[in-house]
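Structural overview for review
So the chains spell out like this:
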Amino acid sequence: MKRLPMNKQPCPIARSLDIFGEWWSLIILRECFSGVTRFDDFQKTLGISKNTLTARLNKMVERGILKRVPIAPGALREHYKLTEMGKELHTVFIALRQWGDKWTFEGETPPNAVVERKSGRVVAPVVVRSLSGRVLKPRDTMMVKL
């Protein structure tokens, strides 16, 4: 079944998923956050077909999540870099990863952890906070029309 576009939905989650929600795109973005930038490295690391990888990278460039940058000044070959829009997905990825660590390993230890580069310490759980800093649970929030 063909997926319907969600870019006109009155929901920011649906519109966001329309941009990056296809699962190969999420896995490619995971690799971007790990420092992968070159087409060949994405393909080697992921085992994804060239056609699928090309389509997903092109879509993320068109949507503003990634940009193509020459590998060196004047070079014809390019690599992919996260844009500011793409970098802002980092918190989403950390939250999704932390959720997956907690709920998808069923008694196993996850194979790796996200740590702060400088200290080597595991990052704190991502939480939603009020403007005053209080941790908010789902029951503490609601959606309102603007």
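Our subject is the structure listed above.
Notes on the structure follow. (Residues numbered from 1 in each chain as written. Predicted model: local features only at pLDDT ≥ 70, side-chain atom pairs only at ≥ 80, totals over all residues. Heavy atoms only, no water.)

1. What to know about the overall build of the protein chain
Test applied: The helix count covers DSSP runs of H or I at least four residues long, the strand count covers runs of E at least two residues long, and both are numbered beginning at the N terminus. A simple rule labels every residue: compare its accessible area, found with a 1.4 Å probe on the protein chains alone, to the largest value its type can have, and call it buried under 20%, exposed over 50%, or partly exposed in between.
Each helix and strand in the protein chain was counted, giving 6 helices and 2 strands. Listed N to C, the secondary structure of the protein chain is α-α-α-α-β-β-α-α in terms of helices and strands. Principal axes of the C-alpha set define a box for the protein chain whose edges measure 50 × 40 × 35 Å. Looking at the 146 residues of the protein chain, the share that counts as buried comes to 23%.

2. Concerning the environment of V115
Under the convention used in this document: Note on contacts: a residue pair qualifies if any of its non-hydrogen atoms lie within 4.5 Å across the two residues.
Summarising the element assignment, V115 is placed in the segment after helix 6 (90–103). Here V115 falls in the partly exposed class, since its relative accessible area comes to 40%. Residues contacting V115, with those up to four places away along its chain left out, are G120, R121, V122 and V123.

3. Here we look at the environment of A55
One can find A55 in helix 4 (residues 50–62). Its relative accessible area of 36% is what places A55 among the partly exposed residues. Along the chain, A55 and S25 lie 30 residues apart, while their C-alpha atoms are 9.6 Å from each other.

4. A few points about a nonpolar patch on the surface
Note the cut-off: To count toward a patch, a residue needs a relative accessible area over 30% and no salt bridge; like charges are then connected within 9 Å, while nonpolar side chains (Val, Leu, Ile, Met, Phe, Trp, Tyr) are connected within 5 Å. Accessible areas in this description were obtained via Shrake-Rupley with a 1.4 Å probe; residue shielding takes into account the shown protein chains only. A pair is scored as a salt bridge if a Lys or Arg side-chain nitrogen falls within 4 Å of a carboxyl oxygen belonging to Asp or Glu.
A cluster of nonpolar side chains, L96, W99 and W103, forms an exposed patch at the surface whose accessible area comes to about 390 Å². Within the secondary structure layout, W103 lies in helix 6.

5. Observations concerning the packing of aromatic side chains
The criterion, for reference: Think of it this way: a Phe, Tyr or Trp ring, Trp meaning its six-membered ring, pairs with another when their centres are within 6.5 Å, and the plane angle makes it stacked under 30 degrees, edge-to-face over 60, tilted otherwise.
Within this structure, the stated rule accounts for 3 aromatic pairs. Taken together, a centroid distance of 5.1 Å and an interplanar angle of 55° make the contact between F33 and F93 tilted. On the criterion of sequence distance, the pair formed by F33 in helix 2 (residues 23–33) and F93 in helix 6 is long-range, its members being 60 residues apart. Since its relative accessible area comes to 13%, F93 is described here as buried. Residues F42 and Y80 carry aromatic rings whose centres are separated by 6.4 Å and whose planes lie at 65° to one another, so their mutual orientation is edge-to-face.

6. Some remarks on the pattern of salt bridges
The tally for this structure, following the rule as stated, stands at 4 salt bridges. Across the salt bridge formed by R30 and E31, the nearest N and O atoms sit 2.7 Å from each other. Taking relative accessible area as the criterion, R30 reaches 37% and is therefore assigned partly exposed. The class for E31 is buried, based on a relative accessible area of 9%. Among the ionic pairs, R77 bridges to D40, the shortest N-O distance being 3.5 Å. Here R77 is found in the loop between strand 1 (66–70) and strand 2 (78–82), whereas its partner D40 is found in helix 3 (residues 39–46), with 37 residues between them in sequence.

7. Topic: helix 4
Rule in force here: Here, expected helix span is obtained from the residue count minus one, scaled by 1.5 Å. As used here, the arc belongs to the directions running from the helix axis to the C-beta atoms.
Under the 1.5 Å per step criterion, the end-to-end length of helix 4 is 18 Å for 13 residues, consistent within 8% with the ideal 18 Å. Those residues of helix 4 lying buried are L53, L57 and M60. Taken down its axis, helix 4 places every buried residue within 65° of arc, on the same side. Pointing more than 90 degrees away from the buried face of helix 4 are the exposed residues N51 and E62. Packing partners of the buried residues in helix 4 comprise helix 2, helix 3, strand 1 and strand 2.

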